[in-house]
Amino acid sequence: MAPHLLQRDFTAPAPNRKWLTDITAVWTAEGWLYLAVVLDVYSRLVVGWAMASHREESLVEAALWMALGRRPKQSIFEWIEVFYNRQRCHSSLAYLSPVAYELQDSHV
C-alpha cells in the first residue's frame, strides 16, 4: 500500500500544492459508471475528472490529464524541481532527497 503523504492534513496554503483523487460509482440510466476526480485541496475545486464504464488506471490518468491541462504547467516544474528533487526523501537513498544524495558525493 502506498504511504499516506498528506498525513490527514487536508489544508494547503495555495492552489496546486496538494491534489487528491477519488473514484466513485454512479448509477445512470445506462448502468454503473465510474467517476474519477482530481480535487485541489486549497479550494476543493475539481480540476479534472473523467467517467467510464471501468475502473482501470486509464480512468484516473484521463482525470489527471484534464487537471494538468486546466492548471499551469509551471506547477509541474515546481513539483519536480522544488519538491521532488530537493525535498522528497527516498528510502532507497538513505532518506535523502535526490539533490542531497548527489551533493554528498564529492566527485559529482
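Each residue is numbered by its place in its chain's sequence as written, counting from 1. Since the coordinates come from a predicted model, pLDDT governs what is reported: local features require at least 70, and pairs of side-chain atoms require 80 or more to be given and counted, while whole-chain, interface and lining totals use all residues. Neither water nor hydrogens contribute to the side-chain values; these are computed over all heavy atoms in the structure.

Caption draft 1: Molecular detail of the overall build of the protein. Numbering of helices and strands starts at the N terminus; helices are DSSP runs of H or I of at least 4 residues and strands are runs of E of at least 2. Scanning the protein from terminus to terminus reveals three helices and three strands. In sequence order, the protein lays out its α and β elements as β-β-β-α-α-α. Atoms considered for the radius of gyration are the C-alpha atoms alone. The globule rule reads 2.2 Å times the number of residues to the power 0.38. Expected size for 108 residues packed as a compact globule is a radius of gyration near 13 Å; at 17 Å, the protein overshoots this value by more than 25%. On the principal axes, the C-alpha backbone points of the protein span a range of 65 × 30 × 25 Å. The buried share of the protein, taken over its 108 residues, is 23%. The Shrake-Rupley method, run with a 1.4 Å probe, gives the accessible areas here. Residue values count only the displayed protein chains as cover. When the accessible surface of the protein is totalled, it reaches about 8,200 Å², and 57% of it is carbon and sulfur. Between the averaged position of the 10 positive side-chain charges in the protein and that of its 11 negative side-chain charges there is a distance of 8 Å. Partly exposed describes any residue whose relative accessible area lies between the buried limit of under 20% and the exposed limit of over 50%, with all areas from a 1.4 Å probe on protein chains only and scaled to the type maximum. Charge counting follows a simple rule: Lys and Arg are positive, Asp and Glu are negative, and His as well as the terminal groups are ignored. For this purpose, a charge sits on NZ of Lys, CZ of Arg, CG of Asp or CD of Glu.

Caption draft 2: Just the side chain of histidine 90, in detail. On the secondary structure map, histidine 90 appears in the loop between helix H2 (74-84) and helix H3 (98-103). Judged by its relative accessible area of 12%, histidine 90 falls in the buried class.

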